[in-house]
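Read off the chains here:
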There are 4 protein chains.
Amino acid sequence: MDPTGEVRTIGADHVALREQVLEELRRRIVDGDYAQGERLTETRLADDFGVSRNPVREALRVVEAEGFVHILPRRGAVVATLDETAVRDLFAVREQLETLAAGLAAERATQKDVDRLRRLLEDASAATDAKDFDRVAELNSAFHRAVIDVSGNRWLLSMSAAMYHHVHWVFRVGAAQRAPHSWEEHIRLVDTIAAGDREAATTAARLHVEAAAQAALNGRVQRPTA
Amino acid sequence: MDPTGEVRTIGADHVALREQVLEELRRRIVDGDYAQGERLTETRLADDFGVSRNPVREALRVVEAEGFVHILPRRGAVVATLDETAVRDLFAVREQLETLAAGLAAERATQKDVDRLRRLLEDASAATDAKDFDRVAELNSAFHRAVIDVSGNRWLLSMSAAMYHHVHWVFRVGAAQRAPHSWEEHIRLVDTIAAGDREAATTAARLHVEAAAQAALNGRVQRPTA
Amino acid sequence: MDPTGEVRTIGADHVALREQVLEELRRRIVDGDYAQGERLTETRLADDFGVSRNPVREALRVVEAEGFVHILPRRGAVVATLDETAVRDLFAVREQLETLAAGLAAERATQKDVDRLRRLLEDASAATDAKDFDRVAELNSAFHRAVIDVSGNRWLLSMSAAMYHHVHWVFRVGAAQRAPHSWEEHIRLVDTIAAGDREAATTAARLHVEAAAQAALNGRVQRPTA
Amino acid sequence: MDPTGEVRTIGADHVALREQVLEELRRRIVDGDYAQGERLTETRLADDFGVSRNPVREALRVVEAEGFVHILPRRGAVVATLDETAVRDLFAVREQLETLAAGLAAERATQKDVDRLRRLLEDASAATDAKDFDRVAELNSAFHRAVIDVSGNRWLLSMSAAMYHHVHWVFRVGAAQRAPHSWEEHIRLVDTIAAGDREAATTAARLHVEAAAQAALNGRVQRPTA
DNA sequence: GTGGTCTAGACCACT
DNA sequence: GTGGTCTAGACCACA
């Protein structure tokens, strides 16, 4: 997100409690610490995080808008459930957004952008060799965010942020075995972007998402809780 | 939206303050009551709405997530700016989501769904004749939401909610003259959905969004406010 | 400082901007990034840290109380100068405080306390072998703080905090060659504490500080700037 | 304190608001106007002193560093509590610093220094006869500061400033009956300093502090306030 | 609703 | 003009 690598000041780095709560809450859902269908009361979350209920409330509004929880009036929040329909719907949308991103990226990518993408591929390759699968998952998200970044479309950027968290979620609670395979598709995608071939990039993105959807829907483990 | 038509209880009808604040806040931005670039302090909003600052804070997190305002750490909220790039980006994403919705709707629409869509078209026609343009704009959003509803994809539904508010915004602060024209495209779209022709529906949606984008980008009035 | 190793919550970990500015400011002085005698304007520091001037002002009051800067009325802050007298004065005071601490520690140390001290000695030994001198300096401060912690005297604790930052400063801008030697003295000190011998502990502390003072005064590099 | 006796300009006399707030705040704590354990909100202090909250905040940082209040993150300031342990710890440290000061003073005192000390003793004697106990307490602090001043150790000077305010605090909230007695010990101390006898001065200082500690710990009135 | 925290801006004294 | 000082106002978090 900050490709310049410049030194950040204290002021810019300082994050509000609300923000930290938001990230930790999202992480716990995505990582399955808070299971699907689990009831999340404000008090419980406030205790878990060692803060008062106010920052918790604001964080809950955001994860609700992102679709991670449902908030029932006067009944509190419940972690959303990833049933097959939800996953299918998610990937259908993802395909549309990602093909658009790939096409735009192919038109706009500079050499620097391509270098950045290739570097992510190399890092992922190294992490895969080292069997550091958490890092691989992280780099997967980073790669797709980078493509969207290159596309230059700010709406894609803001809409896809929540989407990739969900994609991550699907694979965390599902199967991780697809990791090695997907990176070959990533390489093809970067090649088409580097070639500036919009058509080919769009197709490469479509194939990648369709393969990912296939994997997600087959490999899924049903674990709705409570 | 509530096809059951059953009587709702008081408890179910009650909407949280936060929710009312959210809708009114969004309305004021979309209607231009709060101009682009305008600074929105929590205290001012709390006064405007006659509530305490807490529900205002939570509503602000949501409109931020929806892209209507930017929140600067320790500096407060500022209404987002609809420059040409933002509009272009918005319509590029809209095209992807709406073509997907149209294709899915063509596959899944029942006779009842088609009737519902046609009824909206008729209402809009009547409203146009009556020169009730606010109602027309409202029906425009309702129509597109209905198509997405028919598509049955819940992700589309949740992602597009914020999107249509933005589309609405673009036309409010831009030009409204496109209204009569767009309904002819809507009729064609419903015809293709009724015919169950996915391909044709996708194309009809694309043409519609492209025409809308064209209109939005040409008719746009520059009114960024300090 | 937190020997229990328990998980800290977000709320407890969150630090005010003022606090971060304070630590970074102190670090930059101790590390020589801000040289002795250098003028520190509030604006410059605010820019350096990317914050407004208010947290900077509050941090300046603290480093002034700690003796790192002098604040001239309506003239701003200047980094203090470590001349020979200052170093001599510092070590004279340190001797008094550290001999008291050692004596009290000998009287009160539990087995757990002794284990903690020995662990620090081992860590330092490892860091010395690894030639990680920054870590050695850090462990040096940690060791002395631990002794004072064991002494149970809260006044010693609060007064010595600033003092050890100064000691660190003296060695950073002076010579680092004393590191290996001092740890032998530390070992002797821990042995006397473990034996519960107040007299011997007091003596060991005195000898250690005197040797450190000797080293500091001989090895000192004169670098007052501006 | 200003032996030159020259006329001071207006500029030099002007003290920053922050400084005045600091001294008044410290005075009110030491005099018990703000009781132990009392909560001190910024707004309240700002009102009490008729200034804005900013100089109050800066003063609070200083009294915190001096140990008069504890500042809880995001919760505000509370006046510290003088329980028996705190007093005992304080006097243990005081003994170390004061014996050092006495020894150094014995080595370095000029005739002028000795005269200055004797004059303070006479003033105190007069004030005691006049039963002006506030003045006596003030002269007590002035005497000890003068000894440290004569010692020439600037670290002692800066560290002991806060310490004597605390000593003063202990006697204000405790018992004042020790005043007459302590001056005899002061006289002996000055005699040893005048004689240039480091050993004897150190001993005299130790006996004095031990007697003071004894008095403080016995005469203490328990008044921790909610 | 109260209170801590930070920012922006105005004042004013020394260059 | 530069820079320390203070005030006003607003965000953020707690109860």
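A quick note: this is a predicted structure, and the numbers were derived from the prediction, not measured.

Let us look at the protein's contact with DNA strand E. Around DNA strand E sit 20 residues, and of these R75(B), L17(C), S52(C), N54(C) and R53(D) come closest. Taken together, the sugar and phosphate atoms account for 71% of what DNA strand E places within 4 Å of the protein. Between N54(C) and DNA strand E, the recorded distance is 3.0 Å, taken from a side-chain N or O atom to a base oxygen. When contributions to the surface near DNA strand E are tallied by element, the ones reaching two or more residues are α2 (17-30) and α4 (53-65) of chain C together with α4 (53-65) of chain D. The element that contributes the greatest number of residues to the surface near DNA strand E is α4(D), accounting for three residues. Among the residues making up the surface near DNA strand E, the classes are represented as five nonpolar, four polar and eleven charged.

What follows covers the packing of aromatic side chains. Residue and element names in this part refer to chain C. Under the definition given, this model contains nine aromatic pairs over all chains. Pairing F68 with W169 gives two aromatic rings, centres 5.4 Å apart and planes at 50°, and the pair type is tilted. One end of the pair, F68, is in the loop between α4 and β2 (69-72); the other, W169, is in helix α8 (residues 154-173), and 101 residues separate them in sequence. A relative accessible area of 0% places F68 in the buried class. Classification of W169 by relative accessible area gives buried; the value is 1%.

A few words on the domain arrangement of chain A. Residues and elements named next belong to chain A. Entries for chain A in the domain assignment read domain 1 (12-79) and domain 2 (84-217). Here the C-alpha centre of domain 2 lies 27 Å away from the C-alpha centre of domain 1. Of the roughly 750 Å² buried between domain 1 and domain 2, counting both surfaces, carbon and sulfur atoms make up 65%. At the boundary of domain 1 and domain 2, one finds one salt bridge. Here domain 1 is connected to domain 2 by three residue pairs in polar contact (both at pLDDT 80 or more). The leading source of residues in the side of domain 1 that touches domain 2 is helix α2 (residues 17-30), at three residues.

Turning our eyes to something else, we now look at the UniProt feature "domain: HTH gntR-type" (unreviewed entry) in chain A. The feature "domain: HTH gntR-type" (unreviewed entry), as given by UniProt, occupies residues 15-82 of chain A in the numbering adopted here. Strand forms 15% of residues 15-82 of chain A and helix 51%; the C-alpha atoms that close the span are 30 Å apart.

All names here are of chain D. With their axes 9 Å apart at the nearest point, helix α3 (residues 42-49) and α4 run at an angle of 110° to one another. Classified by the interaxial angle, the pair formed by α3 and α4 is roughly perpendicular. The crossing of α3 and α4 is right-handed. Contact residues: α3 offers E42, T43, L45 and A46, while α4 offers R53, V56, R57, L60 and R61.

With that out of the way, let us pick up the protein's contact with DNA strand F. Close to DNA strand F lie 34 residues; L17(A), S52(A), R53(B), R53(C) and L17(D) are nearest. Sugar plus phosphate: this is where 68% of the atoms of DNA strand F within 4 Å of the protein reside. N54(A) places a polar side-chain atom, nitrogen or oxygen, 2.9 Å from a base nitrogen of DNA strand F. Here the residues of the surface near DNA strand F are counted per class, giving nine nonpolar, nine polar and 16 charged.

Topologically, L22(C) is positioned in helix α2. By relative accessible area, L22(C) is classed as buried at 9%.

What follows concerns the interface of chain B and chain A. With 31 residues of chain B in contact, the opposing surface of chain A contributes 29 residues. For the chain B and chain A pair, buried surface summed over both sides reaches about 2,800 Å², with 55% attributable to carbon and sulfur atoms. Among the residues of chain B in contact with chain A, Q96(B), W155(B) and M159(B) are the three that bury the most area, contributing 23% of the side total. Counting across the chain B and chain A interface gives six salt bridges. For D83(A), the salt bridge is made with R154(B), and the minimal N-O distance between the two is 3.7 Å. Between chain B and chain A we count 13 residue pairs in polar contact (both at pLDDT 80 or more) in total. Elements that contribute at least two residues to the side of chain B that touches chain A include exactly α1 (10-13), α4 (53-65), α5 (84-108) and α8 (154-173) of chain B.

Once that is clear, we can look at the pairing of strand β3 (residues 76-79) of chain A. Residue and element names in this part refer to chain A. Here two bridges tie strand β1 (residues 39-40) to β3, and the two strands are oriented antiparallel to one another. Note that in β3 the partner of L40 across the bridge is A77. With four bridges connecting them, strand β2 (residues 69-72) and β3 associate as antiparallel partners. Counted as the bridge partner of H70 is V78 from β3.

All names here are of chain D. As summarised here, the arrangement of the three strands in space is β1-β3-β2, forming an open sheet in which the pairing is antiparallel. A single partner strand is all that each edge strand has here, and the edge strands are β1 (39-40) and β2 (69-72). Each of β2 and β3 (76-79) is contacted by α4, which is oriented at about 115° to β2, the strand it contacts most.

Let us look at the pattern of salt bridges. All told, the structure shown has 90 salt bridges over all chains when counted by the stated rule. Note that R172(C) and D31(C) form a salt bridge whose closest N and O atoms lie 3.5 Å from each other. Residue R172(C) is located in helix α8, and its partner D31(C) is located in the loop between α2 and β1 (39-40); the two are separated by 141 residues in the primary sequence. With a relative accessible area of 33%, R172(C) lands in the partly exposed category. One salt-bridge network, in which partners are shared between bridges, spans E24(A), R27(A), R28(A), D31(A), D33(A), E38(A), R44(A), D48(A), D134(A) and R172(A).

With that settled, the discussion passes to α5(B). Between its first and last C-alpha atoms α5(B) spans 36 Å; for 25 residues at 1.5 Å apiece the expected length is 36 Å, and the two agree. Extensive coverage of α5(B) is indicated by the burial of 19 of its 25 residues.

Moving on, we come to the sheet that holds strand β3 (residues 76-79) of chain B. All names here are of chain B. Within the open sheet, the three strands sit side by side as β1-β3-β2. Their pairing is antiparallel. Each edge of the sheet is formed by a strand with only one pairing partner; in this case those strands are β1 (39-40) and β2 (69-72). The sheet strands contacting α4 are β2 and β3, and the helix crosses β2 at an angle near 115°.

Another point: the relation of the copies chain B and chain A. Mapping chain B onto chain A calls for a rotation angle of 180° and an axial translation of 0.0 Å; the resulting RMSD is 0.1 Å. Each copy turns onto its partner about a two-fold axis. Interface overlap between copies: 94% of the residues of chain B at the interface are likewise at the interface in chain A, consistent with a symmetric, same-surface contact.

For K131(C), which is not glycine, the phi torsion reads 55° and is therefore positive. Its place among the elements puts K131(C) in the loop between α6 (111-129) and α7 (133-151). In this model, R74(D) sits at a positive phi of 60°, which is unusual for a non-glycine residue. When you line up the elements, R74(D) lands in the loop between β2 and β3. Accessibility expressed as a relative area gives 51% for R74(D), which makes it exposed.

Glancing now at helix α3 (residues 42-49) of chain B. All names here are of chain B. When we look at burial in α3, the residues that qualify are L45, A46 and F49. Take α3 and look down its axis: the buried residues cluster within an arc of 100°, on one side only. The inward-facing, buried residues of α3 contact α2 (17-30), β1 and α4.

Here the focus is the pairing of β2(A). Of the two faces of β2(A), the one holding V69(A) and I71(A) is buried and the one holding H70(A) and L72(A) is not buried anywhere. Hairpin connection between β2(A) and β3(A): a loop of three residues separates the two successive antiparallel strands, and R74(A) in this loop has a positive phi of roughly 60°.

Each value, and the rule that gives it
- Residues numbered from 1 in each chain as written.
- Chains lettered and ligands numbered in written order.
- Predicted model: local features only at pLDDT ≥ 70, side-chain atom pairs only at ≥ 80, totals over all residues.
- Heavy atoms only, no water.
- Near = heavy atom within 4 Å.
- Polar contact = N/O pair within 3.5 Å; in protein donor to acceptor, adjacent residues only side chain to side chain.
- Helix = DSSP H or I, 4+ residues; strand = E, 2+ residues; numbered from the N terminus.
- Nonpolar A, V, L, I, M, F, W, Y, C, P; charged D, E, K, R; others polar.
- Phe/Tyr/Trp six-rings, centres within 6.5 Å; stacked < 30°, edge-to-face > 60°.
- Buried < 20%, exposed > 50% of the residue type's maximum accessible area, 1.4 Å probe, protein only.
- Domains from an automatic or database assignment.
- Buried area = accessible area lost by both parts, 1.4 Å probe.
- Salt bridge = Lys/Arg side-chain N within 4 Å of Asp/Glu carboxyl O.
- UniProt positions renumbered as here; feature names shortened; annotations may be inferred.
- Axes fitted to C-alpha atoms, helices over the stretch in contact; angles between N-to-C directions.
- Parallel < 35°, antiparallel > 145°, perpendicular 65-115°, else oblique.
- Left-handed = near helix turned anticlockwise from the far one by under 90°.
- Contact = heavy atoms within 4.5 Å.
- Pairing = 2+ DSSP bridges.
- Expected span 1.5 Å × (residues − 1).
- Least-squares fit on C-alpha atoms with pLDDT ≥ 70 in both.
- Arc of directions from axis to C-beta.

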